[in-house]
Amino acid sequence: EPEVTQTPSHQVTQMGQEVILRCVPISNHLYFYWYRQILGQKVEFLVSFYNNEISEKSEIFDDQFSVERPDGSNFTLKIRSTKLEDSAMYFCASEEGLAWFFGPGTRLTVL
Amino acid sequence: DQQVKQNSPSLSVQEGRISILNCDYTNSMFDYFLWYKKYPAEGPTFLISISSIKDKNEDGRFTVFLNKSAKHLSLHIVPSQPGDSAVYFCAATNRVGNKLVFGAGTILRVKS
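## Digging into a nonpolar patch on the surface
Residue and element names in this part refer to chain B.
- Among the surface-exposed residues, Ile18, Ile20 and Val78 lie close enough to one another that they form a single nonpolar patch of about 230 Å² accessible area.
- Inspection of the secondary structure puts Ile20 in strand E3 (residues 19-25).
- Among the residues examined, Ile20 registers a relative accessible area of 38% and is labelled partly exposed.

Right under this line is the structure:
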């Protein structure tokens, strides 16, 4: 069964450092998303991506965040200068025909 | 702005009995609703969905009911099994390619 994969599973970084979280969506899907879940809180939408551009982004997705689909398979989320409050689980998702599939997540810890 | 609300943080049910998880929404533009199950340190896993043109959808032990006039949906699990113990998220959207809006989740514990 096709699945969304994410790397790394856990990323520890120092405040102010850049991180890149990687995702491989399901191959024939066209819509891609990043969500995050701060410990104990709800899953929050960050950004959606379609046809090589951002289609929607939330208030959380400020100038420190960017997304890219550098090739035909990877979908990345970059946080340029991490803050303590960026510590969370980051989930990638891809969607086709009203079926959203989530990856296992990357746990980002900012020290 | 809590467009999707799950007012019960947790639910405890005896094995074999019915689990009923509730969800309310405020945005009348939502027309598609989903339930996800999530274990710790894993991503949300799709369980069942329902379109706004229906009031019920069933898949094995899982049934989702939608009451559009009340802006309320519920997930019924029967019979409940210990392996069902997880966090259950209700989510809503209004078109293909659009974001999912999640509720806060309900922790279900099924006791054997």
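## Side note on the packing of aromatic side chains
- As enumerated under the stated definition, the model contains 16 aromatic pairs over all chains in all.
- Geometrically, the ring pair formed by Tyr35 of chain A and Phe45 of chain A is edge-to-face, given 5.7 Å between the ring centres and 70 degrees between the ring planes. You can see Tyr35 of chain A sitting in strand E4 (residues 31-37) and its partner Phe45 of chain A sitting in strand E5 (residues 43-50), a full 10 residues away along the chain. Just as Tyr35 of chain A is buried, Phe45 of chain A falls in that class too.
- Between Tyr25 of chain B and Phe33 of chain B, the aromatic rings sit 4.6 Å apart at their centres with planes inclined by 40 degrees, giving tilted as the arrangement. For the pair Tyr25 of chain B and Phe33 of chain B, one class covers both residues: buried.

## A look at the sheet that holds strand E1 (residues 4-5) of chain B
- Strand order in the open sheet made by the five strands is E1-E3-E8-E7-E6 (chain B), with antiparallel pairing throughout. The sheet is open, and its two borders are formed by E1 and strand E6 (56-59) of chain B, each paired with just one other strand.

## Overview of the pairing of E4 of chain A
Residues and elements named next belong to chain A.
- Burial of E4 is extensive: seven of the seven residues sit out of reach of the surface.
- Burial of E4 is two-sided: the residues Tyr31, Tyr33, Tyr35 and Gln37 facing one way and the residues Phe32, Trp34 and Arg36 facing the other way are all buried.
- Once E4 ends, the chain turns through five residues before running back antiparallel as E5, passing Gly40 with a positive phi of about 85 degrees.
- Alignment of E4 against strand E9 (residues 88-96), held across seven bridges, turns out to be antiparallel. Directly across from Phe32, in E9, lies its bridge partner Ser94.

## Focus on the pattern of salt bridges
- Evaluated as defined, the whole model comprises five salt bridges over all chains.
- Where Lys99 of chain B meets Glu56 of chain A, a salt bridge forms, and the shortest distance between an N and an O atom there is 3.1 Å. Residue Lys99 of chain B is found in the loop between strand E9 (86-93) and strand E10 (101-102), and its partner Glu56 of chain A is found in strand E6 (residues 53-57); the two belong to separate chains.
- In this structure, Lys56 of chain B engages Glu58 of chain B in a salt bridge whose closest nitrogen and oxygen atoms are separated by 4.0 Å.
- According to the relative accessible area criterion, Lys56 of chain B is partly exposed, its value standing at 43%.

## Let's talk about the nonpolar core
- Core analysis: the biggest nonpolar cluster contains 24 residues, and Phe33, Trp35, Leu73, Leu75 and Tyr88 of chain B have the highest contact counts within it.
- At the level of elements, E3, strand E4 (32-38), strand E5 (45-51), strand E7 (62-67), strand E8 (72-77), E9 and strand E11 (106-111) of chain B are the ones that each hand at least two residues to this core.
- Top element by residues in this core is E9 of chain B. It accounts for four residues.
- Sequence-distant contacts of Phe33 of chain B, that is, excluding residues within four places in its chain, are made with Tyr25, Ile48, Ser49, Ile50, Ser52, Leu66, Leu73, Ala91 and Ala92 of chain B.
- Core analysis: the next-biggest nonpolar cluster, separate from the first, contains 22 residues, Leu46, Leu77, Tyr90 and Val110 of chain A among them.

## Remarks on the interface of chain A and chain B
- Each partner contributes to the interface: chain A provides 15 residues, whereas chain B provides 22 residues.
- At the boundary of chain A with chain B, total buried surface from both sides reaches about 1,700 Å², with 63% on carbon and sulfur atoms.
- Taken as a group, Lys42, Leu98 and Trp100 of chain A account for 36% of the area that chain A buries against chain B, more than any other trio of residues on that side.
- Those elements that provide at least two residues to the side of chain A that touches chain B are E4, E5, E9 and strand E10 (99-102) of chain A.

## As for the sheet that holds strand E1 (residues 5-7) of chain A
All names here are of chain A.
- Taken in spatial order, the four strands line up as E1-E3-E8-E7 in an open sheet, and their pairing is antiparallel. The sheet is open, and its two borders are formed by E1 and strand E7 (65-68), each paired with just one other strand. Strand-to-strand twist of the sheet, defined as the mean angle between neighbouring strand axes without regard to direction, takes the value 20 degrees.

About the thresholds
Residues numbered from 1 in each chain as written. Chains lettered and ligands numbered in written order. Predicted model: local features only at pLDDT ≥ 70, side-chain atom pairs only at ≥ 80, totals over all residues. Heavy atoms only, no water. Patch = residues over 30% accessible without salt bridge, like charges linked within 9 Å, V, L, I, M, F, W, Y side chains within 5 Å. Areas by Shrake-Rupley, 256 points an atom, 1.4 Å probe, with all protein chains shown as cover. Salt bridge = Lys/Arg side-chain N within 4 Å of Asp/Glu carboxyl O. Helix = DSSP H or I, 4+ residues; strand = E, 2+ residues; numbered from the N terminus. Buried < 20%, exposed > 50% of the residue type's maximum accessible area, 1.4 Å probe, protein only. Phe/Tyr/Trp six-rings, centres within 6.5 Å; stacked < 30°, edge-to-face > 60°. Pairing = 2+ DSSP bridges. Core = buried A, V, L, I, M, F, W, Y, C linked by side-chain atoms within 4.5 Å. Contact = heavy atoms within 4.5 Å. Buried area = accessible area lost by both parts, 1.4 Å probe. Axes fitted to C-alpha atoms, helices over the stretch in contact; angles between N-to-C directions.

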